[in-house]
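Close look at the chain arrangement
So the chains spell out like this:
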Amino acid sequence: MNSHNKIKVLYIDDEQNNLNGFKAAFRFDYTVLTAVNIEQAYTHLKENADIIVILCDQRMPDKTGDQFFEEIRGQFPNPIRVLITGYSDIESVIDAVNKGHIFRYIKKPWTDTDIKSAVEESNKFYITNSLLAIKNVELQSAYDELGKFAYSVTHDLRGPLLSVIGAVDLAMTMDDITEIKEILGMMDSAMKKLDEFITNTHEYYNLKRGKLVFEEINFNKIISDTSDIFRVAGRMENVKFITQVSQNDVFMSDEISIKIILNNLLSNAFKFQKKKATDKFVCVTIEVKDDIAMITVKDNGIGIQKNHLNNIFMMFYRATSEEPGSGFGLYNVKDALNKLNGTIEVDSVFNEGTTFKLTIPGKANAPK
């Protein structure tokens with residue numbers, strides 16, 4: 001067995017002959033560290049975070065084995081603790097087992113079979129505990145995300161609905177067609193906000209649950225389809241929409257993820273424009289070279305303040321209150337890029353504009 005794959009064992013005994021015999025017996029089976037006293041044991045534990053099993057003799061001169069195990073449990077909780085003891089110490093052993101200081105004990109004189117059985121069982125328990133710890137972290141993260149999602153649903157779904165209900169009630173008391181049209185405009189804005197939230201939520205769960213499907217990507221077609229959506233917004237808001245694609249090579253990637261990335265970046269670029277500006281523009285350029293897609297989305301909108309830049313990819317985070325939004329968009333961009341093994345850089349100057357630069361590898365460089 002490769003030494004890197006061996007179980008690392010620390011054996012503590014105040015008799016050097018016992019240490020020598022232990023190391024000679026198990027050096028081919030495990031990576032063995034030995035300590036003749038508690039001080040040496042601490043040194044090994046501090047220098048070897050990958051120790052999986054600690055075997056300690058109960059009758060140590062400075063303190064008993066169960067006392068040592070109780071002492072290290074807080075500082076070094078991960079290694080599995082096994083006590084080696086004689087019949088005369090059985091009460092201490094029972095107490096240590098009941099209090100959780102040790103996983104199991106071995107009676108003196110031990111045999112090779114006793115040691116191997118203890119180490120193998122301890123290793124299985126260690127692996128189980130490690131996997132459980134990882135799952136607990138993931139579960140806590142899921143609970144945190146669920147809490148944020150529940151809050152956002154309440155705020156971002158109910159808010160627009162209440163606005164529409166209020167607008168309907170108000171419109172029913174009006175006779176002036178100009179005022180009614182104004183109310184309809186408010187309702188339209190509320191419904192667009194609701195539609196955006198539902199769309200982004202759908203995208204988010206597609207990313208979380210979906211598997212990548214690699215297919216040939218035609219960026220000219222994707223940009224053409226995308227342009228049909230955003231040119232209308234550009235015409236209405238007087239925003240010049242510039243596109244440029246340079247692709248001569250075949251590029252394989254997940255089309256849904258690519259579209260989510262572009263749609264969210266462009267949506268933000270059009271949304272966060274300066275209302276009264278006369279030279280508004282959004283520019284997207286794509287270059288495919290050596291199985292790498294380099295995408296730049298640039299605008300001269302309101303920009304992002306520096307103190308917000310580190311947080312804009314967080315779920316539900318909004319860097320401005322000037323426009324309605326769910327805080328899902330850039331989170332979905334980052335999540336999609338992570339799945340594609342891509343990167344993103346942001347350069348923004350408040351009140352001057354924002355540039356996003358993305359690098360996305362093709363299938364050959366994508367995660368396996």
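Notes on the structure in this doc start here. (Residues numbered from 1 in each chain as written. Predicted model: local features only at pLDDT ≥ 70, side-chain atom pairs only at ≥ 80, totals over all residues. Heavy atoms only, no water.)

Within the chain, the regular secondary structure consists of nine helices and twelve strands. Here the chain holds 368 residues, and the buried ones make up 40% of them. Across the chain, the fraction of contacts at a sequence separation of at least 24, relative to all contacts at a separation of at least 6, is 67%. A total of about 20900 Å² of accessible surface is found on the chain, and carbon and sulfur atoms cover 52% of it. (Helix = DSSP H or I, 4+ residues; strand = E, 2+ residues; numbered from the N terminus. Buried < 20%, exposed > 50% of the residue type's maximum accessible area, 1.4 Å probe, protein only. Contact = heavy atoms within 4.5 Å. Areas by Shrake-Rupley, 256 points an atom, 1.4 Å probe, with all protein chains shown as cover.)

Once that is clear, we can look at the nonpolar core. The tendency in soluble globular proteins is for nonpolar side chains to be buried side by side. In terms of nonpolar packing, the biggest core is built from 34 residues, with Phe-219, Ile-261, Val-284, Ile-295 and Ile-360 touching the most fellow members. Of all the elements in the fold, those that place two or more residues in this core are α7 (219-237), α8 (255-271), β9 (281-289), β10 (292-299), α9 (329-339) and β12 (353-361). If one sorts the elements of this core by residue count, α8 sits on top with seven residues. When neighbours within four sequence positions are excluded, Ile-360 is seen to be in contact with Phe-251, Ser-253, Ile-258, Ile-261, Asp-291, Ile-292, Ala-293, Ile-295, Leu-337, Leu-340 and Gly-342. Listed in part, the 20 residues of the second largest apolar core include Met-60, Phe-68, Phe-69 and Ile-102. (Core = buried A, V, L, I, M, F, W, Y, C linked by side-chain atoms within 4.5 Å.)

A contiguous nonpolar surface patch, about 280 Å² in accessible area, is contributed by Ile-127, Leu-131 and Ile-134. Note on Ile-127: relative accessible area 43%, which makes it partly exposed. (Patch = residues over 30% accessible without salt bridge, like charges linked within 9 Å, V, L, I, M, F, W, Y side chains within 5 Å. Salt bridge = Lys/Arg side-chain N within 4 Å of Asp/Glu carboxyl O.)

Okay, the side chain of Thr-355 next. Tracing the backbone shows Thr-355 in strand β12. Classification of Thr-355 as buried rests on a relative accessible area of 12%. Sequence-distant contacts of Thr-355, defined by excluding residues within four places in its chain, comprise Thr-296, Val-297, Lys-298, Glu-345, Val-346 and Asp-347.

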